[in-house]
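Coordinates in review
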Amino acid sequence: MVSTSSTDEGRSTGVGRLQDKVVIVTGAAQGIGEAYAKAIAKEGAAVVVADLNTDSGERVAKEIEADGGRAVFVRTDVSDQASAEAAAAAAVESFGGIDGLVNNAAIYGDMQFDLLISVDWDYYRRFMSVNMDGALVMTRAVYTHMQKRGGGSIVNQSSTAAYLYSGFYGLAKVGVNGLTQQLAHEVGGMGIRVNAIAPGPTDTAATRTQAGDASKELVKNLAIKRMGQVDDMVGACLFLLSDEAAWVTAQILAVDGGQVFRP
Ligand code: NAI
């Protein structure tokens, strides 16, 4: 991926950091995924907005196009192999191949509050199939397409919840971290890098539903005393997708205002 300028201006002169690449972003119909999709498009890539939510997903794709970018919405369930393969096929059909995948989708905003020892088993299985296995299902659907392009970059969305008590939500993110490390070794020889971003508490509609006033308490324990904004996440995602990170793989990058430290 050619890396030079990173602005609107860059795109119009054909020198965005992801110029002419094709990137699938899951869970891109709102929140952090929407910010990722729009920023990736501004860097010159064509974006596949892959989400369960058709209305919002189509809105995001249209807004990217209205801003001069290239995007298509594909209704996708990341836990379903056939759906993931259809999203990959749509990317190839629309834009000619696949260079990047951002596995951002998760059940989060409307997640049930329960304990590992009591959560309904069917709910738990569904939750893990989306929040943990979804990244693997999507990776399995895209990696041969990346191979055909000579390699690619996969960015998984983890969370600092992986390092804190947070029940099955955190457990799924521990799984995402492990998946990132293991997969990086399976596909590194194919020129495919796999990394993760672990955001701290970030101000999205989903977090406002989940945490409400508890966010104010969370902020007190951060080194930087404010909630993260979706745009705080974008730089890490663009870096990991781009050639600037050509020798970076199997890493989990916390973007969290100093919420956690791991010796
Ligand atoms: P959100 O709930 O606004 O967005 C999640 C998106 O995933 C939604 O558009 C939803 O429709 C989609 N989705 C859910 N299940 C799906 C499925 N089976 N297939 C395809 N799409 C599906 O969440 P938000 O706040 O934007 O978070 C995005 C990601 O960042 C999630 O992975 C979340 O766990 C992670 N994260 C968020 C933090 C925060 O404070 N907002 C902090 C740390 C991590």
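Counting restarts for each chain, with residues numbered from 1 along the sequence as it is written. Only residues with pLDDT of at least 70 are given local features in this predicted model, and only at 80 or more are side-chain atom pairs given and counted; all residues enter the totals for whole chains, interfaces and linings. With hydrogens and water stripped out, all remaining heavy atoms of the structure feed into the side-chain values.

**Thoughts on the site of the ligand**
Convention followed: A cutoff of 4 Å decides nearness: a residue is near a molecule or strand if any of its heavy atoms lies inside that distance of it. Any pair of N or O atoms that falls within 3.5 Å is considered a polar contact. Within protein, one atom must be able to donate a hydrogen and the other to accept it, and sequence-neighbouring residues count only if both atoms are side-chain atoms. Shrake-Rupley sampling with a 1.4 Å probe provides the accessible areas, and residues are treated as covered by the protein chains on show and by no other component. Helix numbers and strand numbers start at the N terminus; a helix is a DSSP run of H or I with at least 4 residues, a strand a run of E with at least 2. Each residue gets one of three labels, nonpolar for Ala, Val, Leu, Ile, Met, Phe, Trp, Tyr, Cys and Pro, charged for Asp, Glu, Lys and Arg, and polar for the others, Gly among them.
Of all residues adjacent to the ligand, which total 29 residues, the nearest are Gln30, Asp51, Tyr169, Thr202 and Thr204. Between an oxygen atom of the ligand and a side-chain N or O atom of Lys173, the distance comes to 3.0 Å. Coverage of the ligand by the protein amounts to 94% of the 830 Å² it exposes when considered alone. Mapped onto the shell around the ligand, the elements with two or more residues apiece are α2 (31–42), α5 (121–131), α7 (167–187) and α8 (205–211). Tallied by class, residues from the shell around the ligand come to twelve nonpolar, 13 polar and four charged.

**Points about unusual backbone geometry**
To be explicit about the condition: Exposure is judged per residue with a 1.4 Å probe applied to protein chains only, and the accessible area is read against the type maximum: over 50% gives exposed, under 20% gives buried, and values in between give partly exposed.
Phi angles above zero are rare outside glycine, and Asp20 is one such case at about 65 degrees. Mapped onto the fold, Asp20 is located in the loop between α1 (8–12) and β1 (22–26). Of the residues examined, Asp20 reaches a relative accessible area of 54% and is grouped as exposed. A positive phi is found at Ala250, a non-glycine position, where the angle reads about 65 degrees. Mapped onto the elements, Ala250 comes out in the loop between α10 (230–241) and β7 (252–255).

**Things to note about the pattern of salt bridges**
This is how the line gets drawn: What makes a salt bridge here is a side-chain nitrogen of Lys or Arg within 4 Å of a carboxyl oxygen of Asp or Glu, nothing more.
Inspection of every chain in the model, using the stated rule, returns 13 salt bridges. Of the charged contacts in the structure, one is a salt bridge between Lys38 and Glu34, with a shortest N-O distance of 2.7 Å. Of the two residues, Lys38 and Glu34 are both situated in helix α2; the distance of four residues between them amounts to about one turn of the helix. Overall, Lys38 belongs to the partly exposed group, its relative accessible area being 27%. Connected via shared salt-bridge partners are Glu34, Lys38, Arg59 and Glu63.

**Focus on the pairing of strand β6 (residues 192–199)**
Our working definition: Should DSSP find at least two bridges between two strands, the strands are taken to pair. Call a crossover right-handed when, viewed with both strands pointing away from you, the route from the first strand across the helix to the second goes clockwise.
Across the eight residues of β6, eight count as buried, placing the element largely inside the fold. By the alternation rule, side chains of β6 split into Ile192, Val194, Ala196 and Ala198 and Arg193, Asn195, Ile197 and Pro199, which are all buried. Pairing analysis gives six bridges linking strand β5 (residues 152–157) to β6, with the strands arranged parallel. Residue pairing in the sheet places Gly152 in a bridge with Ile192 of β6. As a crossover connection, the stretch from β5 through α7 into β6 is right-handed. By the bridge criterion, four bridges tie β6 to β7 in an arrangement that is parallel. Among the inter-strand pairings, Pro199 is bridged to a residue of β7, identified as Val255.

**Topic: a nonpolar patch on the surface**
Basically, it comes down to this: Here, patches come from residues exposed beyond 30% relative accessible area and free of salt bridges, joined within 9 Å for like charges and within 5 Å for nonpolar side chains (Val, Leu, Ile, Met, Phe, Trp, Tyr).
Where nonpolar side chains cluster on the molecular surface, the patch consists of Leu115, Ile117 and Tyr165 and spans about 420 Å² of accessible area. Here Leu115 is to be found in the loop between β4 (100–103) and α5.

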